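Structural overview for review
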Amino acid sequence: MTAPTLPALRPLTLGPHQVWPPVVLAPMAGITNVGFRRLCREQGGGIYVCEMITTRALVERNPKTLRMIAFGADEQPRSLQLYGTDPEITAAAVRIVVERNLADHIDLNFGCPVPKVTRRGGGSALPWRRRLFARLVRAAVDAASPAGVPVTVKMRKGIDDDHLTYVEAGLAAQDAGVAAVALHGRTAAQRYSGTADWDAIATLKQALDVPVLGNGDIWEADDALRMVAHTGVDGVVIGRGCLGRPWLFADLEAAFTGRTERRLPNLGEVAATMRRHAELLVDQFVAGARNPARGERDGCTDFRKHVAWYLKGFPVGSELRRSLAMIDSLAQLDDLLGKLDPTVPFPVETLGQPRGRTNSPGKVALPDGWLASRDDDTPPDGAELDDSGG
């Protein structure tokens, strides 16, 4: 395949921060914690966003939420995503971030398509209420600006193909002073089905002066190069593509610096990565636990969800897979990983294939009368979630 012709690539500028390569790890609930972010950062450069934090939970000093706002000592810039629907609560949450020096960059979530969020008018439903959207973004920017903390937004194309909002919302966010706009090239109705619309991402890039980031269907580093060539975006956002494949960030760094090598780890190398991932999670949970044994068990429990992603395509028996997905200790993990054949080559047939959640398109759950007025700037009733993480 002929390499795509790329525009001149530069570091991604987010306020005072220069990010190279121009790659962003998308926040994923239950995934992008301290341990996983460190594992990815060990592979390559970029900006790595922690799990989503809800503004209400932060303002109310929810203990779980405060524990989730954690970064490694060498993690720079520290990137935090906030979910909110009320401009005043969002501004209060941003002021807490700034005053307590909790993060160096704030992203606002307007992309979540989950029914429990959209049926309350939050996430990917909120940009339809354009005046409310503009108020909320401006409130966040105004609260963050005195400290020089850049604010970005991440959104979808719209609610569905009949209710697209991405260009109008992007322009409103730009007018409010955001540092960049990220677009997932799907509607809320698509959820994670079908194909991402890279043409829409190109349209947004042409419409805005601030940096635009593209998200959707980047499964390999060469997909990122194709997206940049197709859309002209200033950077890419990586979500499901890195599940069970943190070395994707090494490939992305190579790709953006013009190198052709790509990682195809054999099963032994994958096992070593799995062990490192579990170790980092255990370190994270032990640090936050009164009982180290409980911390190790919790870290291993958190690791279980990653097993199927790491082993996708490898000829590993169902009994061994099941046992790996039930570990309680690192010693148990070591014993089971030792039963893998380290010489098995990487299953190249899985390259370019979707990873993580997939589902069917469907009607978006919305509050009664939500579509009737685009100019109602009243915060949706009951949409301020009191629990972080998605």
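Thresholds applied
- Residues numbered from 1 in each chain as written.
- Predicted model: local features only at pLDDT ≥ 70, side-chain atom pairs only at ≥ 80, totals over all residues.
- Heavy atoms only, no water.
- UniProt positions renumbered as here; feature names shortened; annotations may be inferred.
- Axes fitted to C-alpha atoms, helices over the stretch in contact; angles between N-to-C directions.
- Helix = DSSP H or I, 4+ residues; strand = E, 2+ residues; numbered from the N terminus.
- Parallel < 35°, antiparallel > 145°, perpendicular 65-115°, else oblique.
- Left-handed = near helix turned anticlockwise from the far one by under 90°.
- Contact = heavy atoms within 4.5 Å.
- Nonpolar A, V, L, I, M, F, W, Y, C, P; charged D, E, K, R; others polar.
- Phe/Tyr/Trp six-rings, centres within 6.5 Å; stacked < 30°, edge-to-face > 60°.
- Buried < 20%, exposed > 50% of the residue type's maximum accessible area, 1.4 Å probe, protein only.
- 1 Å grid on protein atoms, 1.4 Å probe; cavity = no way out; pocket = protein on both sides within 12 Å on 5 of 7 lines; lining within 4 Å.
- Points joined across faces, edges and corners; volume = space filled by probe spheres on them.

Per an unreviewed UniProt entry, the recorded name for the chain is tRNA-dihydrouridine synthase, and the organism is Micromonospora fulviviridis. Per UniProt, the chain has the following entry under Cofactor (unreviewed entry): "FMN". The UniProt entry for the chain carries the following comment under Function (unreviewed entry): "Catalyzes the synthesis of 5,6-dihydrouridine (D), a modified base found in the D-loop of most tRNAs, via the reduction of the C5-C6 double bond in target uridines."

**Some words on the packing of helix α11 (residues 267-287) against helix α12 (residues 292-303)**
At a closest axis distance of 7 Å, the pairing of α11 and α12 adopts a crossing angle of 135°. Viewed along their axes, α11 and α12 adopt a mutual orientation that is oblique. Of the two elements, α11 crosses α12, and the hand of that crossing is right-handed. On the side of α11, the interface is formed by Met274, His277, Ala278, Leu281, Val282, Phe285 and Val286, while α12 contributes Pro292, Gly295, Glu296, Asp298, Gly299, Cys300, Asp302 and Phe303. Looking at the contact of α11 with α12 residue by residue, the classes come out as nine nonpolar, three polar and three charged.

**Concerning the packing of aromatic side chains**
The tally for this structure, following the rule as stated, stands at six aromatic pairs. Their ring planes at 65° and their centres at 5.2 Å tell us that tyrosine 48 and phenylalanine 249 sit as a pair that is edge-to-face. Highlighted residues: tyrosine 48 in strand β4 (residues 47-48) and phenylalanine 249 in helix α10 (residues 248-256), separated in sequence by 201 residues. One exposure class covers both tyrosine 48 and phenylalanine 249, and it is buried.

**Describing the UniProt feature "domain: DUS-like FMN-binding" (unreviewed entry) in the chain**
Mapped onto the present numbering, the UniProt feature "domain: DUS-like FMN-binding" (unreviewed entry) falls at residues 25-331. A helix fraction of 45% and a strand fraction of 11% characterise residues 25-331, whose end C-alpha atoms lie 30 Å from each other.

**Topic: empty space enclosed by the protein**
One simple way to see leftover space: roll a probe sized like a water molecule over the atoms. One pass over the structure, following the stated rule, counts four cavities of 30 Å³ or more. Estimated volume of the largest cavity: approximately 120 Å³. Lining the largest cavity we find 15 residues, and of these Val24, His105, Asp107, Thr152 and Leu213 sit closest to its centre. Sorting the residues of the lining of the largest cavity by element identifies β1 (12-14), β7 (105-110), β8 (151-156) and β9 (180-184) as the ones contributing at least two each. Counting residues per element, the lining of the largest cavity draws most heavily on β8, which supplies three residues. A breakdown of the residues in the lining of the largest cavity according to their chemical character gives eleven nonpolar, two polar and two charged.

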